[in-house]
Amino acid sequence: MIPLKTFSPITGQTAAFHKLMLSAVAPRPIAFVSTVDEEGKVNLSPFSFFNAFSSNPPILVFSPARRVRDNTTKHTLENVLKVPECVIHIVDFAIVEQMSLSSTEYEEGVNEFIKSGLTEQPSEEVKPPRVMEAPVAFECKVREVISLGDNGGAGNMVVCEVLKMHVRENILRSGTIDPVLLDPVARMGGNWYARLTEESLFEIPKPLSRKGIGVDQLPEAIRESNVLTGNNLARLANVEEMPVSQLAFLEKYAKTIEKIKGKHHGEERQDVIHSLAKKLLERGDVEEAWQVLLAD
């Protein structure tokens with residue numbers, strides 16, 4: 001077991017802890033937020049303290065934190081306190097550099113749409129304009145702004161209720177958004193970002209309509225395996241009842257199993273069989289993985 005190193009936000013420096021925390025809590029979705037001040041001047045800025053918190057009512061929350069270096073506040077926060085409306089956009093790879101450029105600390109009144117080369121599009125329910133190039137936009141009213149402190153680094157939770165959602169038609173598939181076509185980017189620590197490509201995506205069947213037997217109910221030889229990982233065990237345990245050996249499967253894998261049993265013995269044989277099951281699990285063949293294990 002690799003030892004852990006402990007850091008305290010109380011005894012350590014805020015800036016150093018800030019970097020550590022943001023590097024660990026990653027990837028984070030990015031809220032690309034447009035707002036206006038009382039004179040109608042537009043501001044556009046990204047925030048990676050952001051997520052969805054309710055669907056009925058539809059609530060999104062982002063947090064413009066006070067700057068660590070000088071404890072000043074951002075124009076976005078000042079705007080939503082005066083004009084409690086905003087548009088929250090999802091950032092895809094096609095606009096990631098423009099999004100980053102918009103985070104420049106321009107003087108008050110400078111329009112980041114113009115600086116970043118993005119296009120203003122009138123909203124339907126709120127005063128701030130939408131980013132035409134964004135794949136998804138949420139027009140929101142600000143229900144509440146919750147200050148989390150007065151020191152540098154303190155967040156301000158902007159609780160937004162979605163009034164209208166706009167989605168680019170070509171990323172919709174069967175009533176939902178295709179994650180590959182969305183091509184979203186997320187924030188990591190420092191200068192790092194993450195891109196969710198098809199190669200990096202995977203599916204896990206959710207145990208919502210059934211109860212998995214749980215890792216504690218797996219046979220001891222499987223549970224204490226030298227080869228199978230915690231992820232492998234959890235996938236095996238996400239069945240409603242212990243599987244039983246199937247003759248058709250035994251016939252399919254008979255030669256392979258017999259070859260392993262003839263060549264390997266004891267713990268070594270178990271490790272080889274578990275390695276075969278592991279390969280099957282990693283390509284999503286849970287039923288076949290179980291049959292390999294039961295054949296041992």
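That block above? That's the structure.
From a predicted model like this one, the values you see are computed outputs, not experimental measurements. (Residues numbered from 1 in each chain as written. Predicted model: local features only at pLDDT ≥ 70, side-chain atom pairs only at ≥ 80, totals over all residues. Heavy atoms only, no water.)

A. Expanded view of the nonpolar core. If you look at the biggest cluster of nonpolar residues, it comprises 21 residues, and the most contacted ones within it are L218, I222, L228, L236, W290 and V292. Counting only elements with at least two residues in this core, the list comes to α7 (230-237), α8 (247-263), α9 (266-282) and α10 (286-294). For this core, the element with the highest residue contribution is α10, accounting for 5 residues. With residues near it in sequence (within four places) discarded, L228 still touches I222, L233, L236, H274, K278, L281 and L293. Residues A31, V33, C86 and V142 belong to the second largest nonpolar core, which totals 20 residues. (Core = buried A, V, L, I, M, F, W, Y, C linked by side-chain atoms within 4.5 Å. Buried < 20%, exposed > 50% of the residue type's maximum accessible area, 1.4 Å probe, protein only. Helix = DSSP H or I, 4+ residues; strand = E, 2+ residues; numbered from the N terminus. Contact = heavy atoms within 4.5 Å.)

B. Structural view of empty space enclosed by the protein. Summed over the entire model, instances satisfying the criterion amount to 1 cavity of 30 Å³ or more. For the largest cavity, the calculated volume is near 80 Å³. Around the largest cavity, the lining residues are D37, K41, V42, N43, H75, N79, E107, E108, G109, V110 and E112. Residues belonging to the lining of the largest cavity are distributed by class as follows: 2 nonpolar, 4 polar and 5 charged. (1 Å grid on protein atoms, 1.4 Å probe; cavity = no way out; pocket = protein on both sides within 12 Å on 5 of 7 lines; lining within 4 Å. Points joined across faces, edges and corners; volume = space filled by probe spheres on them. Nonpolar A, V, L, I, M, F, W, Y, C, P; charged D, E, K, R; others polar.)

C. Quick peek at the sheet that holds strand β1 (residues 28-29). The sheet built from 3 strands is open, its strands ordered β1-β13-β14 with antiparallel pairing. With partners counted over all chains shown, the strands left at the sheet margins are β1 and β14 (193-195), one partner each. Relative to β14, strand β13 (residues 185-187) runs antiparallel, the two being bridged by 3 bridges. Residue pairing in the sheet places R187 in a bridge with Y193 of β14. (Pairing = 2+ DSSP bridges.)

D. Spotlight on the layout of surface pockets. There is about 1100 Å³ of room inside the largest pocket. What lines the largest pocket is a set of 37 residues, and nearest its centre among them are H18, P46, K74, S103 and R187. Looking at the lining of the largest pocket, the elements that each hand over two or more residues are α1 (14-24), β3 (42-47), α2 (75-82) and α3 (96-102). The dominant element in the lining of the largest pocket, judged by the number of residues it contributes, is α1, at 5 residues. The class makeup of the residues in the lining of the largest pocket is 12 nonpolar, 16 polar and 9 charged. Space inside the second largest pocket adds up to approximately 450 Å³. As for the second largest pocket, its lining consists of 20 residues, of which P29, F50, I90, L182 and P184 are closest to the centre. Elements supplying a minimum of two residues to the lining of the second largest pocket: β1, β4 (50-55), β5 (58-62), α5 (179-182) and β13. In terms of residue count, β4 provides more of the lining of the second largest pocket than any other element does, 3 residues in total.

E. Quick peek at the packing of aromatic side chains. Applying the stated criterion to the full structure yields 1 aromatic pair. Seen from their ring centres, F47 and F62 are 5.3 Å apart, and the 35° between their planes marks the pair as tilted. Highlighted residues: F47 in strand β3 and F62 in strand β5, separated in sequence by 15 residues. The positively charged end of R187 is found above the aromatic ring belonging to Y193, 4.6 Å away from the centroid. Between R195 and the ring centre of F93, over which it is positioned, the NZ or CZ distance is 3.7 Å. (Phe/Tyr/Trp six-rings, centres within 6.5 Å; stacked < 30°, edge-to-face > 60°. Lys NZ or Arg CZ within 6 Å of the ring centre and 35° of its normal.)

F. Spatial organisation of unusual backbone geometry. Note that the residue after A26, namely P27, is joined by a cis bond; omega there is 0°. Following the sequence through the fold, P27 ends up in the loop between α1 and β1. Cis geometry marks the peptide bond from N56 to P57, where omega comes out at 5°. Position of P57 among the secondary structure elements: in the loop between β4 and β5. With a phi close to 55°, D183 is a non-glycine residue in the positive phi region. The topology assignment puts D183 in the loop between α5 and β13.

Such coordinate-based values are descriptive only and should not be taken to indicate function.
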